[in-house]
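Residue-level structural notes
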Amino acid sequence: MEAARDRLVPDVVADGLRVLFCGINPGLMTAVTGHHFARPGNRFWPVLHLSGFTPRLLKPSEQGELPSYGLGITNVVARASARADELTAEEYREGGRLLALKVARLRPRWLAVVGVTAYRAAFDDRKARVGPQERTIGDTRVWVLPNPSGLNAHWTAQTMAEEFARLRAAAETEA
């Protein structure tokens, strides 16, 4: 897994997506497979389906189908690590800067950052909470979602799906 830390995981993106989901950084399993949210305990894919974003439960290996639903995935920080707490404040700040440039280029309707702590660090917004944010990047609105990692015990798959569904409803009403 040590070599995985140096692998870049390609974004799953297209111009004008409804929602661009943004993870914190690739985990080691994601780096090895090249598939976002690949760790078996990660709840991203089940929550994406439970919330109504996808008509069926996708496997990480099916991430290429996301743009057909108007969805995409990127990360705040490109470097893979075993845990997000291995990232530095500078990596978060630089990741936020690069993410803003990517969003300005791709112009999704919504940027959905999964992880309030990562959002706070990347965008220097200490008061951010889960939900829609005041910040915009060009015309792109920003929503902070709970981190789907199995390590996040504060949120169940069901409560996460409810928050994801709030974003889905907002993204649909602005279509």
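Details of the structure are given in the entry above.
Heads up: these notes are all about the structure in this document. (Residues numbered from 1 in each chain as written. Predicted model: local features only at pLDDT ≥ 70, side-chain atom pairs only at ≥ 80, totals over all residues. Heavy atoms only, no water.)

1. Observations concerning the pairing of strand β3 (residues 110-114)
When a strand is regular, its side chains alternate between the sheet's two faces. When you tally the buried positions in β3, you get 5 out of 5 residues, the bulk of the element. Alternating positions in β3 separate into two faces, W110, A112 and V114 on one and L111 and V113 on the other, with burial throughout. Where strand β1 (residues 19-23) lies against β3, 4 bridges are found, and the strand directions are parallel. In the strand pairing of β3, C22 is matched with V113. (Buried < 20%, exposed > 50% of the residue type's maximum accessible area, 1.4 Å probe, protein only. Helix = DSSP H or I, 4+ residues; strand = E, 2+ residues; numbered from the N terminus. Pairing = 2+ DSSP bridges.)

2. Digging into the nonpolar core
If you look at the biggest cluster of nonpolar residues, it comprises 24 residues, and the most contacted ones within it are V19, F21, L48, F164 and L167. Per element, the largest residue contribution to this core is 6 residues, and it comes from helix α5 (residues 157-173). Setting aside anything within four residues of it in sequence, one finds L167 in contact with V19, F21, F53, W110, A112, W143 and L145. (Core = buried A, V, L, I, M, F, W, Y, C linked by side-chain atoms within 4.5 Å. Contact = heavy atoms within 4.5 Å.)

3. Thoughts on the packing of helix α3 (residues 89-106) against helix α4 (residues 116-123)
At a minimum axis distance of 7 Å, the contact between α3 and α4 shows a crossing angle of 85°. Taken together, the axes of α3 and α4 are roughly perpendicular relative to one another. Listed contacts from α4 to Y92, R93, G96 and L99 of α3 are A118, A121, A122 and F123. Looking at side-chain class alone, the contact of α3 with α4 contains 6 nonpolar, 1 polar and 1 charged residues. (Axes fitted to C-alpha atoms, helices over the stretch in contact; angles between N-to-C directions. Parallel < 35°, antiparallel > 145°, perpendicular 65-115°, else oblique. Nonpolar A, V, L, I, M, F, W, Y, C, P; charged D, E, K, R; others polar.)

4. Comments concerning α3
The terminal C-alpha atoms of α3 lie 25 Å apart, and with 18 residues this matches the ideal 26 Å at 1.5 Å per residue to within 8%. Looking at the buried residues of α3, the elements they touch are β1, β2 (71-75), β3, α4, β4 (131-137) and β5 (140-145). Looking one or two residues beyond α3, the residue adopting positive phi is R107, at roughly 55°. (Expected span 1.5 Å × (residues − 1).)

5. Structural notes on the pattern of salt bridges
Per the stated rule, a full pass over the model turns up 10 salt bridges. When the shortest N-O distance is used, the salt bridge between E62 and R56 registers 3.0 Å. Judged by relative accessible area, which is 35%, R56 ranks as partly exposed. We note a salt bridge from R79 to E91, for which the minimum N-O separation is 2.6 Å. Within this pair, whereas R79 is found in the loop between β2 and α3, its partner E91 is found in helix α3, the two being separated by 12 residues in sequence. You can call R79 partly exposed: its relative accessible area is 30%. Residues joined by salt bridges that share partners form a network here, namely R56, E62 and E65. (Salt bridge = Lys/Arg side-chain N within 4 Å of Asp/Glu carboxyl O.)

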